[in-house]
Protein chains: 2
Amino acid sequence: MGALGDGFFGAELACNGMGHVFIVDMEGEEEEVGVGGCGSVSESTAGIEDAVKVLLQGLGEDPDRDGLKRTPLRVAKAFRDGTRGYRQYVHDIVQGALFPEAGSNIGTGQAGGTGGLVVVRDITLFSYCESCLLPFKVQCHVGYVPSGQRVVGLSKLARVADVFAKRLQDPQRLANDICSALQCSIKPAGVAVFLQCWHLQIPEVLKDCSAQREPSKSDMQGWLQAPAYSCSGAFEDEKSSFGFDFFSLLKFRGVTVVKNQTKVSSAQHCWCPLKSQEMPLFNGHNTSPTNGTVLSKAGATQAAMLAAVTSILTSLGEDPQRRELVGTPYRFVQWLMNFKRSSFELKMNGFNHGIASFYKKTDGVHDQSAIHSELNLPFCSQCEHHLLPFHGVVHIGFFGSQELKAVDRSILQSVVHFYGSKLQVQERMTRQIADTVFSIVHRGVIVVVEANHICMISRGIEKVGSSTATIAVLGQFLSNIDAKETFLQAISNSTASGG
Amino acid sequence: MGALGDGFFGAELACNGMGHVFIVDMEGEEEEVGVGGCGSVSESTAGIEDAVKVLLQGLGEDPDRDGLKRTPLRVAKAFRDGTRGYRQYVHDIVQGALFPEAGSNIGTGQAGGTGGLVVVRDITLFSYCESCLLPFKVQCHVGYVPSGQRVVGLSKLARVADVFAKRLQDPQRLANDICSALQCSIKPAGVAVFLQCWHLQIPEVLKDCSAQREPSKSDMQGWLQAPAYSCSGAFEDEKSSFGFDFFSLLKFRGVTVVKNQTKVSSAQHCWCPLKSQEMPLFNGHNTSPTNGTVLSKAGATQAAMLAAVTSILTSLGEDPQRRELVGTPYRFVQWLMNFKRSSFELKMNGFNHGIASFYKKTDGVHDQSAIHSELNLPFCSQCEHHLLPFHGVVHIGFFGSQELKAVDRSILQSVVHFYGSKLQVQERMTRQIADTVFSIVHRGVIVVVEANHICMISRGIEKVGSSTATIAVLGQFLSNIDAKETFLQAISNSTASGG
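Attention in this report is confined to the structure presented alongside it. Because the structure is predicted, anything quoted here is derived from the model rather than measured. (Residues numbered from 1 in each chain as written. Chains lettered and ligands numbered in written order. Predicted model: local features only at pLDDT ≥ 70, side-chain atom pairs only at ≥ 80, totals over all residues. Heavy atoms only, no water.)

Comments concerning the pattern of salt bridges
Summed over all chains, the structure comprises 34 salt bridges over all chains. Notably, a salt bridge pairs B:D66 with B:K69, separated by 3.2 Å at the nearest N-O pair. On the accessibility criterion, B:K69 (53% relative accessible area) is exposed. Note that B:D81 and B:R84 form a salt bridge whose closest N and O atoms lie 2.7 Å from each other. With respect to class, B:D81 is no different from B:R84; both count as buried. Salt bridges linked by common partners bring A:E130, A:R173, A:E318, A:R322, A:R323 and A:E324 together as one network. (Salt bridge = Lys/Arg side-chain N within 4 Å of Asp/Glu carboxyl O. Buried < 20%, exposed > 50% of the residue type's maximum accessible area, 1.4 Å probe, protein only.)

A word on the packing of aromatic side chains
Inspection of every chain in the model, using the stated rule, returns 26 aromatic pairs over all chains. Where A:F235 meets A:F242, the ring centres are 5.9 Å apart and the plane angle is 55°; that geometry is what we call tilted. Each ring, one from A:F235 and one from A:F246, has its centre 6.1 Å from the other, and the planes form 75°; the classification is edge-to-face. Of this pair, A:F235 sits in the loop between β7 (223-233) and α8 (242-251) while A:F246 is found in helix α8, placing the two residues 11 residues apart along the sequence. Neither A:F235 nor A:F246 differs from the other in exposure class; each is buried. A connected cluster of aromatic rings, assembled from ring pairs, spans A:F194, A:Y229, A:F235, A:F242, A:F246 and A:F247. Its end group placed over the ring of A:W198, A:K137 keeps NZ or CZ at 6.0 Å from the ring centre. When the ring centre of B:F418 is taken as reference, the NZ or CZ atom of B:K422 above it lies at 4.0 Å. (Phe/Tyr/Trp six-rings, centres within 6.5 Å; stacked < 30°, edge-to-face > 60°. Helix = DSSP H or I, 4+ residues; strand = E, 2+ residues; numbered from the N terminus. Lys NZ or Arg CZ within 6 Å of the ring centre and 35° of its normal.)

Describing the pairing of strand β2 (residues 118-129) of chain B
The buried fraction of β2(B) amounts to 12 of the 12 residues, a majority that puts the element mostly inside the structure. Summarising the sheet, strand β12 (residues 467-475) of chain A and β2(B) pair through four bridges and their orientation is antiparallel. Note that in β2(B) the partner of A:T468 across the bridge is B:V120. Pairing geometry for β2(B) and strand β3 (residues 135-145) of chain B, over nine bridges, is antiparallel. (Pairing = 2+ DSSP bridges.)

Just distances and angles here, no functional claims.
Written out as structure tokens, the structure reads:
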């Protein structure tokens, strides 16, 4: 990370591309119990709300329909809250929590000073990818070697880390920011920060949304992992064993670090999957808003959406001209367009026709007893209340062996994809999938959807481990409890075996 | 849970023993991003701060010493924040987030209405035990069956659960409160709430603090688990399969429920380990503050501490005369007295003498190469910054085979217990243990302390999975990197094998 001066820390932050850093008076330790200062939410949400309305219209949605009415307000508040770090000031957090702590006078960090290396492991954070505005998960591990006969309150390490997570970031800059902030504010003998970051992977199924292709079995909604390491002071000294000790203590928690992982080259810097795979927003209408030609309707919509995202960046206090942000509006709009309403209606028309013809072929003989299950069909959808992804798996069970030939895994995956690829709520998606399958396989359908909602984990509520399950039951599964039990047990078994 | 009316919900809360429920205007969804309303922290902390000073004095501490100066403010804020649920109102949270959602018109909850059962699993919460004021962990699972063609925003289930967690609770009442609040505010076909609650177990080592006994190997700082289940509406109908479906969906996440666990009898109601094991606060001075006899000095201190805790309950808006709270001040003071300064100084004097005599016996021949390790020595201490427990294990390594006869596991456990049994910070405890062992085994000592800090997980910061590791290195371990590595690897191995 290079040498760190003791100078005014605000100046250092400004180097990271931030034009202005707000100084919030935290009244000593006021921030101990309230997340975010008073008034941080209501400020300047109006501009963001207007921009979100433009995005909803660009997605072919009616911003006044039920479910979307308050979405602009929700999204604006989530963006403001998710970037509250721009309005927080590290010194205010740390200064009230530096405690004199006599050491053994044997040597800095060697049970001298104040007792040696201190490591707080597994601090869970959420940040926003500066390349695409999607949230990413962070498992943060912070170590420091106290000096000057003082230690810092342990929770402050987490709070300082959160200040920088609540900005538009990439993993390495986040690690660097946390490291320099702690070095400058605590002035210890050294600081080490190791991050494990997970970015939502672009589902395979979304990568080619215009083609009528069969989803592959490898459509797992995974996360892309990237590590980042930053250190200062004593940790930079190759002769000292602080780095070794730090990683040893992480290892106790199952965090193993490959040597080369800690050196992130500039080539690895582009970790955002949306950045590495760019494509036209509107088929054949990838018109730049500034090229002066007469814009088509799609081009005008695109220009309006890009301008809307740019205005959101400005409202958050960011500089849309900052190098790392130049392509961000484009990528965010590109992500959203995966969930455009109209383009997928067209696709479904053709798809319905396909199912109908399959169904005619197999209509006739029924096996009354057979239950067929297709488990763990992956999906990625977009929560219409918060414009944030929710993703997981769908389990579908139905009666009838003859229909199997028509309603195979790829057909069901297409149904799941169709209902996932729009602004949705999980309850509705579950019912729609059940209704659609029931319209083909008339005798009985059961659908279970299990999902992680980014809106449950990245906003104020931060319920990290939570997951939502919904169930819809139609036809014979309503009366045949044994059949339902058999199906639910099959899911249990597939989960237990890591499926 | 019995039948639930649609009446004014505030009235129902009042039945739970709360004299007054504050109505906080959340400004629609203002609570989406800010935790707690503005001003909820600064109100009436002064009274609690004074009470905490009395408690610190009762523990033989100087409230003005470094480290404790701001403790009363921190504790007051944590108590206010930890009981903010008394000042939150469920209807305000839910009303803005009920979404019309057309169903299939086949039948309530059967993919009709709005698609059937909705379950949010693994919502992590923290609550305060009403019997002893220690926080307890909650893994909360909520299910409901939508009706009236409307669903509620998923995060609201977590927010409503948190309103009732942020009060003084016991598991069954918490489950009942969450269930009735959701039933009354969402008016679905039914609600089910299953909680897994973990109360900090009283460490064996603290159970008999006056005796100079040898700690047993079973001194694991465990958690006492209790389940709680509450349901309403369709879940109460034994003919419906909603209950079965609910527990099936929990099973996918590894939550298995023993049938009888869901029926908590009144006999099981007393789950707090401090309630089931009461003992005198001051040896021979268990004087009630109201018995009219002339109080000894210890008795006067006890009376002042009990009055202080009672005043804290009142400041939080609780009624100290509520049946479940009558013994709470006594139990909280009893818990704190485990960490009284002076009584343990006396104990250490005798203990030091014991070690010294052991040491004399074995002084002499040294084996320069042997490293001896004692791993996973349990401890429970009290964070002096927040008056909340931190607990975990201590690993100690040292050079010298001859000393082993004196410095065995029980001696080291006693050293750990001695330094844990007071108001502490982990960094200092690590150094003190290292210094003490080093004063006996002069050649080299390494100490690693791994701890979970309740103050990191139960307050606003809520970093649930985080853990703190500290390390102190003295003597030959400073220069002998191989020895240190061997020791750290031994910890890794013991962790990997679940030790």
